[in-house]
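Coordinates in review
Residue-level listing of the chains:
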Amino acid sequence: MHASAPWPHRLLDVPALRQAGTSPVPFEQFVLKLSSRCNLLCSYCYVYTAADDSWRGRPPRIRQDVLERSAERIGEHVAGHGLRGIRVELHGGEPLLGGVDIALRQVSEVRAAVLAAAGTHCEVRVSVQTNGTQLTADGVGRLAAAGVRVGVSLDGGRAEHNKRRVDHAGRPAWEAATRGLALLARHPEAYAGLLCTIDLDLDPEDVYDSLMEFRPAALDFLLPHANWESPPPGKGPSSVGSAPYGEWLAQVFDRWFDSGRHRTRIRLFTEIIGLLLGFPSRAEAVGLSPVAAVLVETDGAIEQVDSLKAAYAQAPATGMNVFRNSFDDVLDHPGIVARQLGAGALGSDCLDCPVLRVCGGGHYAHRYRSGSGFRNRSVYCSDLELLIRHVAHRIEPVLRSGPLLPD
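Just so we're clear, the structure is a prediction, and the values are computed from it rather than from any experiment. (Residues numbered from 1 in each chain as written. Predicted model: local features only at pLDDT ≥ 70, side-chain atom pairs only at ≥ 80, totals over all residues. Heavy atoms only, no water.)

1. Observations concerning the overall build of the chain
Looking only at helices and strands, the chain has 13 helices and ten strands in total. For the chain, the C-alpha radius of gyration of 21 Å lies close to 22 Å, the compact-globule estimate for 407 residues. At a minimum sequence separation of 6, the contacts of the chain that also span at least 24 residues come to 73%. Surface exposure of the chain reaches about 17,000 Å², of which carbon and sulfur atoms provide 51%. Seen as two clouds, the 43 positive and the 46 negative side-chain charges of the chain have centres 2 Å apart. (Helix = DSSP H or I, 4+ residues; strand = E, 2+ residues; numbered from the N terminus. Rg over C-alpha atoms; globule rule 2.2 N^0.38 Å. Contact = heavy atoms within 4.5 Å. Areas by Shrake-Rupley, 256 points an atom, 1.4 Å probe, with all protein chains shown as cover. Lys, Arg positive; Asp, Glu negative; His and termini not counted. Charge placed at Lys NZ, Arg CZ, Asp CG, Glu CD.)

2. Some points on the side chain of R367
Along the chain, the position of R367 falls in the loop between α12 (356-359) and α13 (381-399). Lacking a salt bridge, the buried R367 has E284 as its closest oppositely charged neighbour, with an N-O distance of 6.6 Å. At 3.2 Å, the side chain of R367 forms a polar contact with the backbone oxygen of G361. A polar side-chain atom of R367 sits 2.9 Å from the main-chain carbonyl oxygen of G362. For R367, the contacting residues outside a window of four places in its chain are W228, L346, G360, G361, G362, G373, F374, N376, R377 and S378. (Buried < 20%, exposed > 50% of the residue type's maximum accessible area, 1.4 Å probe, protein only. Salt bridge = Lys/Arg side-chain N within 4 Å of Asp/Glu carboxyl O. Polar contact = N/O pair within 3.5 Å; in protein donor to acceptor, adjacent residues only side chain to side chain.)

3. Section: the confidence of the model for the chain
Low pLDDT marks stretches whose predicted atomic positions should not be read closely. A residue-level look at the chain finds 93% of positions with pLDDT of 70 or above and a mean pLDDT of 92. Counting contacts from residues 1-8, a segment whose pLDDT is below 50, to residues more than four positions away or on other chains yields 23 contacts. (pLDDT = per-residue confidence, 0-100.)

Here it is in structure tokens:
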């Protein structure tokens with residue numbers, strides 16, 4: 001733990017919280033790292049260009065004993081909590097650097113462990129998030145046959161949109177990625193969708209329209225992982241009240257909302273709409289629902305989600321691993337507890353905000369500031385408020401109801 005970074009959750013009295021009835025929420029999302037390396041070096045990557053460089057000391061590929069023990073721990077957790085469904089997400093680095101065999105072996109091990117522990121009562125949904133450059137016709141076919149859905153990271157539907165996505169020699173990844181997408185299009189049942197990290201230099205409507213040319217079932221627009229110590233592009237100290245990311249996303253929302261393409265789910269937008277209508281959130285980016293995700297590294301270390309790597313060195317660490325610890329042990333880690341407390345982990349700025357129920361303080365990783373840890377509003381606070389109010393304004397006439405938000 002970084003001594004100069006006083007996390008607010010370090011001050012949590014976990015036993016007292018448990019005694020007071022604050023129950024842990026079991027993990028339902030398991031992020032399994034198959035590789036700690038990547039063939040690309042995207043300029044905005046929070047794993048390889050941010051504050052945490054723990055990847056350097058990890059095995060490049062997941063070890064067989066880690067693969068097997070991770071599956072056993074998942075089965076144990078499913079049985080212990082009577083879970084009816086879990087999500088397993090295969091990540092990296094680039095998770096397919098070692099080919100699809102490792103991915104399929106991990107899937108097989110998890111499914112076998114869950115079946116042995118819980119019978120057929122728990123559905124196991126599996127996806128892999130890739131940069132697309134390693135996809136082959138045979139690999140896509142085998143993943144599809146195994147019921148594994150494939151998501152691809154792409155920052156727009158044109159070569160010029162992807163100038164930040166290059167390999168270690170600075171060569172663009174565009175051609176290889178689009179070849180992979182063409183192969184994936186032959187198996188629509190396995191095509192999970194596209195993930196796009198926002199670039200303010202690009203026209204939002206052009207990015208959206210070009211991505212839609214790839215006919216994704218879903219789109220996800222990500223705010224670059226940043227914080228008050230390392231602000232994102234366009235959000236420096238002199239632009240605290242500005243909302244360039246909110247304005248960018250509002251333009252995309254209008255294009256999506258007015259185009260009748262609602263069958264293509266855009267997760268951030270559908271989450272905000274659901275929250276405005278009173279439904280609980282299902283993603284960490286917005287809302288106050290407890291975070292129920294955990295990550296296993298290639299060496300078996302159990303960590304919080306690795307977006308925290310953007311804060312400081314070892315920020316996601318729990319000090320636990322799959323050989324010594326169960327996932328129930330991790331539920332009592334103060335960092336996990338803090339991310340399951342909802343409004344209880346927020347500072348006064350957020351608690352007094354009229355859009356709190358929808359915003360939820362934003363993504364946990366985006367709240368970090370040296371000296372006060374994560375008990376701050378998001379570095380994207382103004383962007384989120386602008387976007388939330390914009391979405392509320394647009395959907396109110398459709399619902400024929402009163403105002404969805406206070407002034």
